[in-house]
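# Geometric and topological summary
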Amino acid sequence: MTSINSTTRTGTKRAAALALAMVLAASVDARAQGPADIGTAAAVVNKVTGSVSSRDLRTGDRVHANEEIATAALSKGQIVFRDETSLTVGPDSRVTLDRFVYDPARGGSTASINAARGVFRFVSGNMPSQSYQVRTPAGTIGVRGTIFDLIVEADGTVVVQLIEGGLDIQARGRTVRMDRNGDVVVLGPDGSIRETIDLTERQRRLLAPIRNILLRRDGTPDFTDDRRRIQDIRRNVRTLGGGGPPGHPGSGDGGQGSGGGDGGG
């Protein structure tokens, strides 16, 4: 005759074994799914690599959370995220796509990237402006509906030029607010912060591969025309695939061609 206590113990063991099996199955399924898909390589020129599966990126490839994107010399790429945020990565550059959550229905959207080295152009997308954060070796850039260019030097010096919108830069306990288009802030590896009204000739050369800003007759940048060009790029990217989830129109799941595009943001 089986006692009630024995039956209870047997049932408890079976329940525990079933729960453990479910946890293990969920863990295996999560690993099989891999890191979250957060956007598309909208343009790839020459050699651009992604750390997920250690692959060479091609135009139309998906990119993922926590993925490091790196470019070789004479190479560049443009990443377009689900909310149409655009990140152009210039030659000899490295950036990690730390976190990207796009949830407009619940208002829980966040985006964080870590620019370790090189030149970049950032164009914010459809998330609330306070959702974006760009980390650099010298400070953190808070975005307020913005287009800006970024240089991260090998020695840790960071150069930021505001193209449109606004930025709040935090470095060594200080905050610098940028509101005037064209202004430049230089963050030194020693914690120094210097504000200026223009780039040096060397800085302009570094940014040249990711820029196509038209000049007025007096030689100053015409940011209005550049904004129009960025809007054209966004429209093209929606067709190629940047914002939507896999399988959604505009998600870019079908495009796997190589090369192409100007890489401009």
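Note that residues are indexed from 1 along each chain, following the sequence as it is written. At least 70 in pLDDT is required for a residue's local features to be given in this predicted model, at least 80 for side-chain atom pairs to be given and counted, and no such filter applies to totals for whole chains, interfaces and linings, which use all residues. Side-chain numbers come from the whole structure's heavy atoms, not from hydrogens or water.

### Concerning the nonpolar core
Core analysis: the largest hydrophobic core is formed by 40 residues, its most contacted members being Leu87, Phe148, Leu150 and Val160. The way it works is that DSSP assigns letters per residue, a run of H or I at least four long becomes a helix, a run of E at least two long becomes a strand, and they are numbered from the N terminus. When residues in this core are grouped by element, the largest group, 6 residues, is from strand S12 (residues 158–171). Residues in contact with Phe148, not counting those within four places in the same chain, are Phe120, Arg121, Phe122, Val134, Ile141, Val143, Val160, Gln161, Leu162, Ile163 and Leu167. Nonpolar core, defined: a set of buried Ala, Val, Leu, Ile, Met, Phe, Trp, Tyr and Cys residues in which side-chain atoms within 4.5 Å join the residues together. When accessible area is computed with a 1.4 Å probe and restricted to protein chains, residues below 20% of their type maximum are described as buried, those above 50% as exposed, and intermediate ones as partly exposed. One finds Ile151, Val186, Leu199 and Leu207 within the second-largest nonpolar core, a separate group that totals 8 residues. Between two residues, a contact is recorded if the distance between any of their heavy atoms is within 4.5 Å.

### Observations concerning the side chain of Thr85
Relative to the helices and strands, Thr85 resides in the loop between strand S6 (76–81) and strand S7 (86–89). Judged by relative accessible area, which is 1%, Thr85 ranks as buried. We define a polar contact as two N or O atoms separated by no more than 3.5 Å, with the added condition that, inside protein, one atom must be a possible hydrogen donor and the other a possible acceptor, whereas residues neighbouring each other in sequence contribute only through side-chain atom pairs. At a separation of 2.8 Å, a polar atom in the side chain of Thr85 contacts the side chain of Asp83. One polar contact links the side chain of Thr85 to the main-chain amide nitrogen of Gly125, over a distance of 3.0 Å. Residues within four places of Thr85 in sequence aside, it is in contact with Ile79, Val80, Phe122, Val123, Ser124, Gly125 and Tyr132.

### As for unusual backbone geometry
Glycine aside, residues mostly have negative phi angles, and peptide bonds mostly take the trans form. At Ser53, a position not held by glycine, the phi torsion is positive, near 65 degrees. Tracing the backbone through its elements, the reader meets Ser53 in the loop between strand S2 (48–50) and strand S3 (55–56). Despite not being glycine, Glu84 shows a phi value in the positive range, around 75 degrees. Looking at the element boundaries, Glu84 is found in the loop between S6 and S7.

### Observations concerning the pattern of salt bridges
Side chains that carry opposite charge are capable of pairing whenever their charged atoms lie near each other. Each reported salt bridge corresponds to a side-chain nitrogen of Lys or Arg within 4 Å of a carboxyl oxygen of Asp or Glu. Evaluation of the coordinates by the stated rule reveals 15 salt bridges. Where Asp37 meets Arg82, a salt bridge forms, and the shortest distance between an N and an O atom there is 3.8 Å. Remark: Arg82 occurs in the loop between S6 and S7 and Asp37 occurs in strand S1 (residues 37–45); sequence separation between them is 45 residues. On the basis of relative accessibility, which here comes to 17%, the residue Asp37 falls in the buried class. We note a salt bridge from Asp98 to Arg135, for which the minimum N-O separation is 2.3 Å. Separated by 37 residues along the polypeptide, Asp98 in strand S8 (residues 94–101) and Arg135 in strand S10 (residues 132–135) bring together distant segments of the chain.

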